[in-house]
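Results of the structural survey
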Amino acid sequence: FLKPFQDLMAATASLEIKDLILNCLGHMIQSRASSIRSGWSSLYKVFELAAYDRAPTIARTGYDLVCSTIGEDSSQHLRDHHVSCVACVIAYVRQEHHESIALSACDTLLLCVKLLHDVEPAELRDAAATFSPAAPSAAATDADAADLPAHERLWWALVECLS
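All values reported here derive from a predicted model rather than from experimental measurement.

1. A closer look at the overall build of the protein
- Scanning the protein for helices and strands turns up 10 helices and 0 strands.
- Counting from the amino terminus, the protein carries its helices and strands in the arrangement α-α-α-α-α-α-α-α-α-α.
- The buried share among the 163 residues of the protein stands at 45%.
- Summarising the internal contacts of the protein: among those between residues at least 6 apart in sequence, 66% fall at separations of at least 24.
- If you sum the accessible surface of the protein, you get close to 8600 Å²; carbon and sulfur atoms cover 56% of it.

2. Things to note about the pattern of salt bridges
- Across all of its chains, the model carries 4 salt bridges by this definition.
- A salt bridge links K45 to E48; its shortest N-O distance comes to 3.9 Å. Within this pair, K45 and its partner E48 are both found in helix α3 (residues 40-51), separated by 3 residues, close to a single helical turn.
- Overall, the relative accessible area of 31% leaves K45 in the partly exposed class.
- Ionic pairing is found between D64 and R60, a salt bridge with its closest N-O pair at 3.6 Å. Of this pair, D64 and R60 both sit in helix α4 (residues 56-68), 4 residues apart, roughly one helical turn.

3. A look at the packing of helix α2 (residues 15-36) against α3
- It is at 12 Å that the axes of α2 and α3 come closest, and there the two elements cross at 150°. Between α2 and α3, the angle is such that the two are roughly antiparallel. The element α2 and its partner α3 pack so that their crossing is left-handed. Between α2, through I21, L22, L25, I29, A33 and I36, and α3, the contact on the second element is made entirely by W40, L43, V46, F47 and A50.
- For the contact of α2 with α3, the class distribution of residues is 11 nonpolar, no polar and no charged.

4. Quick word on the packing of aromatic side chains
- Considering all chains together, one arrives at 3 aromatic pairs under this definition.
- What links up through ring pairs into an aromatic cluster is the set W40, Y44 and F47.

5. Some points on the confidence of the model for the protein
- Averaged over the protein, the pLDDT score is 81; the fraction of residues at 70 or greater is 74%.
- Note on residues 131-141: pLDDT is under 50 here. Beyond four places in sequence and across chains, it has 19 contacts.

6. Comments concerning the nonpolar core
- In this structure, L22, L43, F47 and Y92 are the most contacted members of the largest nonpolar core, which totals 37 residues.
- Secondary structure elements with two or more residues in this core: α2, α3, α4, α6 (82-94), α7 (99-118) and α10 (150-161).
- Filtering out sequence-adjacent residues up to four positions away, L22 remains in contact with M9, V46, F47, A50, I58, T61, G62 and L65.

7. Some remarks on α2
- Between its first and last C-alpha atoms α2 spans 25 Å; for 22 residues at 1.5 Å apiece the expected length is 32 Å, and the helix comes up short by more than 12%.
- The largest bend in α2 is about 70°, located at Q30.
- For α2, every residue scored as buried is listed here: K18, I21, L22, L25, G26, I29 and I36.
- Looking at the buried positions of α2, the neighbouring elements they touch are α1 (3-11), α3 and α4.
- In the segment just after α2, R37 is the residue with positive phi, at about 50°.

Reading guide: rules and limits
Residues numbered from 1 in each chain as written. Predicted model: local features only at pLDDT ≥ 70, side-chain atom pairs only at ≥ 80, totals over all residues. Heavy atoms only, no water. Helix = DSSP H or I, 4+ residues; strand = E, 2+ residues; numbered from the N terminus. Buried < 20%, exposed > 50% of the residue type's maximum accessible area, 1.4 Å probe, protein only. Contact = heavy atoms within 4.5 Å. Areas by Shrake-Rupley, 256 points an atom, 1.4 Å probe, with all protein chains shown as cover. Salt bridge = Lys/Arg side-chain N within 4 Å of Asp/Glu carboxyl O. Axes fitted to C-alpha atoms, helices over the stretch in contact; angles between N-to-C directions. Parallel < 35°, antiparallel > 145°, perpendicular 65-115°, else oblique. Left-handed = near helix turned anticlockwise from the far one by under 90°. Nonpolar A, V, L, I, M, F, W, Y, C, P; charged D, E, K, R; others polar. Phe/Tyr/Trp six-rings, centres within 6.5 Å; stacked < 30°, edge-to-face > 60°. pLDDT = per-residue confidence, 0-100. Core = buried A, V, L, I, M, F, W, Y, C linked by side-chain atoms within 4.5 Å. Expected span 1.5 Å × (residues − 1). Bend = angle between axes of the 7 residues up to and from the residue.

Below, the structure written as structure tokens:
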């Protein structure tokens, strides 16, 4: 149900519309995060699009929204939407327009590593059971990743960032 936001963000060149989209999504996250469920994939795609925007206000707002979804109290969310979240943070690391955001995204990536490391292996296996081969990470569909146990594939998106 959030795919139209993704389509609008990709299609528009207007900074005002992009800002409005990000602010709407920010309000949704603040008020109804537990109700978003499958919509997180579209949200992270919108935030990825914001990462590559040349306007610093759009990139910063998108990055701040991504950071608001990651934290000590969000380990269940991170397990359920790990690959989409990491792919989004990687977009902020790889973008070339905003160095300070890229450096901050490296710290956020370290937080993702810590949160994933702190999850119990049995919980990781449960999360990996829902791991989709059509996940946003291209490496997740790689033949090498397919040979890994399911819970180890969740780490693959992080390893991809190092390449």
